[in-house]
Amino acid sequence: HLSTFSKVLNTFPEEIKPVEIEKIPLYYNAPTDMIKYDRTSEALTDADSSAYNIVFLGPTGSGKSHLINNAFNLSVCETAASVFSVTREIKFYQGTYCWDTVRRGSYSGPVNIIDTIGFCDSLMSADEVLDAIKERVKVNLAYIDKVVIVCSGRIEKPHSKSIKKFMEWLSFTKYKNKFVFVYNKADLLNSQERMTNLLTMCSIFGADTHQTNFGTTKNGQVISIKMNLTTGFPPGKSYSEIEHDHTNFTRALLCVGNEPEGLFGGNGRIPVDKNMCTIL
């Protein structure tokens, strides 16, 4: 087992840790039973090994932290419009999730949502960011259940290059149904522009625009769940105004596959390669 010391590498020393932000609900009339926040951790323990692990990855400014806040419907991450990555260290947001179906009953249990440093941060090179993320993921996680790739605006070549390296490390071609591609900040785009940008993003990363999983809700309805989607969650909006995007986003995070045999389904959980220290 790795030591606690190695698990908290690339974290702030106690004396310069940022002050925790006040946790305020984003939408007061949104469903509250799907993903609930419990605590923020610097590292995970062996007791967390069976949790449902979701890793967010993307360029600086793409809105990863804001999406995590939306997943919890709570301001657990600091967000800002800045050329510097707001997330200066990899953070583990822990809670519980629940996904109701008819055929399999309820999937529920602990969840870890991992917020990572933005690629192409103005103070760190893309390779430095990639190495920092991989190191923290390797020492804290044995398996990943969902990888959420987030982009917005123009997708620059250095951004896509770094993301592709991470996808290769996690065997994307084998575990495609465990990856979610989100073109974010699309609230000002019309439906045609949304689709065009999503098509471009999926083309860059070799993803299927129409990647879909199916599930059965607790009332017996069979639903098609898009794994690659556009989202837009502008501040100050009511839940009714963003409900469509929010529902699709949450379902993509929690869907475990096409009526799986086990809790994690599909091709199984993505194993984290702990022997591969760098990608050349």
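Structure's up top.
What counts and how
Residues numbered from 1 in each chain as written. Predicted model: local features only at pLDDT ≥ 70, side-chain atom pairs only at ≥ 80, totals over all residues. Heavy atoms only, no water. Helix = DSSP H or I, 4+ residues; strand = E, 2+ residues; numbered from the N terminus. Buried < 20%, exposed > 50% of the residue type's maximum accessible area, 1.4 Å probe, protein only. Contact = heavy atoms within 4.5 Å. Areas by Shrake-Rupley, 256 points an atom, 1.4 Å probe, with all protein chains shown as cover. Axes fitted to C-alpha atoms, helices over the stretch in contact; angles between N-to-C directions. Parallel < 35°, antiparallel > 145°, perpendicular 65-115°, else oblique. Left-handed = near helix turned anticlockwise from the far one by under 90°. Nonpolar A, V, L, I, M, F, W, Y, C, P; charged D, E, K, R; others polar. Polar contact = N/O pair within 3.5 Å; in protein donor to acceptor, adjacent residues only side chain to side chain. Salt bridge = Lys/Arg side-chain N within 4 Å of Asp/Glu carboxyl O.

A. Broad picture of the overall build of the chain. Along the backbone of the chain there are 6 helices and 11 strands. Per-residue burial for the chain yields a buried fraction of 50% across its 280 residues. Summarising the internal contacts of the chain: among those between residues at least 6 apart in sequence, 76% fall at separations of at least 24. Split by element, the accessible area of the chain, about 13300 Å² in all, is 53% carbon and sulfur.

B. Here's a closer look at the packing of helix H3 (residues 126-140) against helix H4 (residues 157-169). The N-to-C vectors of H3 and H4 enclose an angle of 25°; their axes lie 10 Å apart at closest approach. Relative to H4, the element H3 lies roughly parallel. Crossing geometry of H3 relative to H4 is assigned as right-handed. Two secondary-structure elements touch here, H3 through Ala126, Asp127, Leu130, Ile133, Lys134, Val137 and Lys138 and H4 through Ser162, Lys165, Phe166 and Trp169. Looking at the contact of H3 with H4 residue by residue, the class counts come to 6 nonpolar, 1 polar and 4 charged.

C. Focus on the side chain of arginine 136. With respect to the element layout, arginine 136 can be found in helix H3. A distance of 2.3 Å separates a polar atom in the side chain of arginine 136 from the backbone oxygen of glutamate 42.

D. Molecular detail of the pattern of salt bridges. For the structure shown, the criterion picks out 5 salt bridges. Across the salt bridge formed by glutamate 135 and lysine 138, the nearest N and O atoms sit 3.7 Å from each other. Residue glutamate 135 and its partner lysine 138 are both found in helix H3; the two are separated by 3 residues, about one turn of the helix. Accessibility expressed as a relative area gives 28% for glutamate 135, which makes it partly exposed. Taking relative accessible area as the criterion, lysine 138 reaches 6% and is therefore assigned buried.

E. Layout of the environment of aspartate 145. Note on placement: aspartate 145 falls in the loop between strand S5 (143-144) and strand S6 (146-151). Note: C-alpha distance between aspartate 145 and isoleucine 270 (125 residues apart in sequence) is 6.2 Å. Reaching out from aspartate 145, the side chain makes a polar contact with the backbone nitrogen of asparagine 53 at a distance of 2.7 Å. At 2.8 Å, the side chain of aspartate 145 and the side chain of arginine 269 are in polar contact.

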